[in-house]
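# Secondary and tertiary structure notes
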Amino acid sequence: MDLLLHNLTKTYGNGVKALDGIDLTIKPGMFGLLGPNGAGKSTLMRTIATLQQPDSGTITFGDIDVLKNPMDLRRQLGYLPQEFGVYPGMSAEDLLDYFAQLKGVSSSKERKDIVGRVLEITNLYQVKNKNVSGYSGGMKQRFGIAQLLLNDPKLIIVDEPTAGLDPAERSRFLNVLREIGTNHTVIFSTHIVDDVRELCHELAIVNGGKVLYRGTSQGGEEMLR
Ligand code: ADP
Ligand code: ADP
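Residues numbered from 1 in each chain as written. Chains lettered and ligands numbered in written order. Predicted model: local features only at pLDDT ≥ 70, side-chain atom pairs only at ≥ 80, totals over all residues. Heavy atoms only, no water.

In plain terms, the rule: UniProt positions are given in the numbering used here, feature names are shortened, and annotations may be inferred rather than shown by experiment.
An unreviewed UniProt entry lists the chain under the name ABC transporter ATP-binding protein, with Sphingobacterium corticis given as the organism. Database annotation for the chain, UniProt heading Sequence similarities (unreviewed entry): "Belongs to the ABC transporter superfamily."

### Re the overall build of the chain
Rules: Helix and strand labels come from DSSP, where a helix needs a run of H or I of at least four residues and a strand needs a run of E of at least two; each type is numbered from the N terminus. Based on C-alpha atoms, the radius of gyration is set beside the globule rule, defined as 2.2 Å times the residue count to the power 0.38. Exposure categories follow from relative accessible area, calculated using a 1.4 Å probe and restricted to protein chains: below 20% of the type maximum is buried, above 50% is exposed, and the middle band is partly exposed. Where accessible areas are quoted, they stem from the Shrake-Rupley method and a 1.4 Å probe; at the residue level, only the protein chains shown are allowed to cover. For the purpose of charge, His is not counted, nor are the chain termini; Lys and Arg are scored as positive and Asp and Glu as negative. Where a charge sits is defined by one atom per residue type, namely NZ (Lys), CZ (Arg), CG (Asp) or CD (Glu).
Assigned secondary structure in the chain consists of eight helices and ten strands. Taking 2.2 N^0.38 as the reference for a compact globule, 225 residues should give roughly 17 Å; the C-alpha atoms of the chain span a radius of gyration of 18 Å, in line with that estimate. Summarising its shape, the C-alpha atoms of the chain cover approximately 45 × 40 × 35 Å along the three principal directions. Looking at the chain as a whole, 48% of its 225 residues are labelled buried. In the form shown here, the chain has an accessible surface area of approximately 10700 Å², with 49% of it arising from carbon and sulfur atoms. For the chain, the distance from the average site of its 25 positive side-chain charges to the average site of its 26 negative ones is 2 Å.

### Some points on the site of ligand 2
For clarity, the cut-off: Throughout, near means a residue has at least one heavy atom within 4 Å of the molecule or strand. The term polar contact refers here to a pair of N or O atoms within 3.5 Å; inside protein, the definition further demands a hydrogen-donor-capable atom paired with an acceptor-capable atom, and it admits residues adjacent in sequence only when both atoms are side-chain atoms.
Around ligand 2, the surrounding shell consists of Ser42, Arg46 and Gln82. Side-chain polar atom of Gln82 to an oxygen atom of ligand 2: 3.2 Å apart, as the coordinates give it. Notes on ligand 2: free accessible area 550 Å², of which the protein chains cover 34%.

### Points about the site of ligand 1
This is how the line gets drawn: In this classification, Asp, Glu, Lys and Arg are treated as charged, Ala, Val, Leu, Ile, Met, Phe, Trp, Tyr, Cys and Pro as nonpolar, and every other residue, Gly included, as polar.
Lining the immediate surroundings of ligand 1 are 13 residues, of which Gly38, Gly40, Lys41, Ser42 and Thr43 lie closest. The protein chains hide 64% of the 550 Å² of surface that ligand 1 would expose on its own. At four residues, helix H1 (residues 41-48) tops the list of elements feeding residues into the shell around ligand 1. In the shell around ligand 1, the residues fall into five nonpolar, six polar and two charged.

### Brief notes about the sheet that holds strand S1 (residues 3-11)
Applicable threshold: Criterion used throughout: strands pair if DSSP finds at least two bridges between them.
With antiparallel pairing, four strands are arranged side by side in an open sheet as S2-S1-S4-S5. Among the strands making up the open sheet, the edge pair consists of strand S2 (17-26) and strand S5 (64-65). Pairing of S1 with S2, which is carried by seven bridges, proceeds in the antiparallel orientation. Counterpart to Leu3 in the pairing with S2 is Ile26.

### Thoughts on the sheet that holds strand S10 (residues 210-216)
Rules: In this description, a line fitted to the C-alpha atoms serves as the axis of each element, helices being fitted only across the stretch in contact, and the angle between N-to-C directions of two axes falls anywhere from 0 to 180 degrees. Residue contacts are defined here by distance: any two heavy atoms, one from each residue, within 4.5 Å place the two residues in contact.
The six strands are arranged S6-S7-S8-S3-S9-S10 in an open sheet whose pairing can be described as mixed. Where the open sheet ends on each side, the last strands, each with one partner, are strand S6 (77-80) and S10. For this sheet, the mean inter-axis angle between neighbouring strands, taken without regard to orientation, is 15 degrees. Relative to strand S8 (residues 185-190), strand S7 (residues 155-159) runs parallel, the two being bridged by five bridges. The partner of Leu155 across the bridge, within S8, is Thr185. In this fold helix H5 (residues 137-149) packs onto S6 and S7, with an angle of close to 165 degrees to the strand it touches most, S6.

### Thoughts on the environment of Leu124
Here Leu124 is to be found in the loop between helix H4 (108-121) and H5. Residue classification places Leu124 among the buried positions, given a relative accessible area of 0%. Here the alpha-carbon distance between Leu124 and Ala92, two residues 32 residues apart in the chain, equals 8.3 Å.

Structural data, given as structure tokens:
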């Protein structure tokens, strides 16, 4: 399903124009949103995730009018915010089992299957018995992905997930996203040019709340330099 953003604007109370007429069509696959700090990426991500309202514009996902019916989108959404929680001293497997129960999966066999699958996808199966609170930054990010995959979301939004990861962790994280991008619509924001170059078929470069470039990552090479 395509995600269509039309003429989104947002001016904060302090006068900062964080979104200044954003028009984008985002197709299934891995979509990169590239821009420096302050470009408006988080504002755009939160707006698509229905955590905040734009001043004007429309968002549609398939046949959902997102701003009118936010719940319809939320049911299909996986959102990994830039700052995420501190986890209690539980193993990844137990925590994911708990989250699956919260989502209403009552059969323990079914939960074991789902939890095993998301642990495999995020490459955490080997460390499923370790406490998440002791995970490295990259492992926690992958755990965040595992958690949102429990919902089987159609649209996945990941805000600056590689910020602060060391090269090995970053590369592991990008591999997980690459796999998920083969059968989901994934929007991935970053200020690191190489992230989108390695990962995304399509990207938008944003700054000052505007889309400066929209197209393939190859075509963006000139601008990315
Ligand atoms: P990015 O994610 O690309 O760093 P943001 O969306 O966080 O960009 O910020 C875009 C601009 O809006 C920045 O100038 C930022 O300081 C400002 N901004 C973000 N959130 C708020 C807020 N809640 N109130 C006021 N200004 C904000
Ligand atoms: P950044 O992308 O710059 O690292 P975020 O956009 O994730 O930061 O912002 C973190 C929190 O701080 C959000 O709740 C956001 O609304 C708020 N915030 C960000 N910039 C500003 C700002 N200039 N003024 C007020 N609040 C802000």
